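# Overview (structure and organization)
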Amino acid sequence: MREAGKELFEYLTSLAEFTDVMQTRLFPLVSDGDTDFPFAIYGLRVFPQTKDSDSYEITLSVYFKPNEYDECAGFCDLMKPLLENKYEWTDSSVDVSEEDYSFIGTINLKTQ
């Protein structure tokens, strides 16, 4: 699982389209409470596929300031073809945080 997370981190941070928006604000599972917007977090869930390899479900969540719905949705749209080059795209959505009204784009992927 650690290797899959490292591979995801390296892939995302190698994409100019990702770093132009997020810079290096990409974290496993949680970010610091004082992290500047926008930022992203990711989580992995492992599924044994064969005795020699595993498959992973990946959730990438991108956080944008309140009033930045268009930026959040647009970023998810921008990432889709780039992520489909390496992963199987499952779905995506945009929701709002009831805590601070920021927008959260969620992208679900699977390893191929």
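This section reports on the structure supplied with the text. Every chain begins its residue count from 1, and numbering advances along the sequence as written. Note on the predicted model: pLDDT of at least 70 is required for a residue's local features to be given, and 80 or more for side-chain atom pairs to be given and counted; whole-chain, interface and lining totals, by contrast, use all residues. Note: side-chain values were computed over all heavy atoms of the structure, leaving out hydrogens and water.

Okay, the pattern of salt bridges next. Every case where a carboxyl oxygen of Asp or Glu lies within 4 Å of a side-chain nitrogen of Lys or Arg is listed as a salt bridge. Tallying each qualifying case throughout the model produces 1 salt bridge. Across the pair E7 and K86 runs a salt bridge whose closest N-O atoms are separated by 3.2 Å. Taken together, the positions of E7 in helix α1 (residues 2-14) and K86 in the loop between α3 (69-84) and β4 (87-96) put the pair 79 residues apart, joining distant regions of the chain. Starting at the N terminus, helices and strands are each numbered in turn, a helix being any DSSP run of H or I of at least four residues and a strand any DSSP run of E of at least two.

With that settled, consider the sheet that holds strand β3 (residues 54-64). We call two strands paired when DSSP finds no fewer than two bridges between them. Here 5 strands make up an open sheet; going across it, the order is β1-β2-β3-β5-β4 and the pairing mixed. Pairing within the sheet leaves two strands with one partner each, and these edge strands are β1 (26-28) and β4. For this sheet, the mean angle separating the axes of adjacent strands, direction not counted, is 20°. Sheet topology note: the strand β2 (residues 39-48)/β3 ladder contains 10 bridges and is antiparallel. What sits directly across from Y42, in β3, is L60. In this description, contact between two residues means that some pair of their heavy atoms is separated by no more than 4.5 Å. Interaxial angle, 0 to 180 degrees, is taken between N-to-C directions of lines fitted to C-alpha atoms, where a helix line uses only the stretch in contact. Across the face of the sheet, α1 comes into contact with β1, β2, β3 and β4 while running at roughly 145° to β2. Seen against the sheet, α3 touches β3, β4 and β5 (103-111) and runs at an angle of roughly 175° to β4.

In this section: the nonpolar core. Counting residues in each nonpolar core, the largest one holds 24 residues, and the members touching the most others are L12, F18, L60, V62, M79, L83 and I107. For this core, the secondary structure elements donating two or more residues are α1, α2 (16-22), β2, β3, α3, β4 and β5. Per-element accounting of this core gives the leading share, 6 residues, to α3. Apart from the residues lying within four places of it in its own chain, the contact partners of L12 are F18, T19, L26, L60, M79 and L83. As used here, the term nonpolar core means buried Ala, Val, Leu, Ile, Met, Phe, Trp, Tyr and Cys residues forming a set that is joined through side-chain atoms within 4.5 Å. Residue exposure (1.4 Å probe, protein chains only): buried if accessible area is under 20% of the type maximum, exposed if over 50%, otherwise partly exposed.

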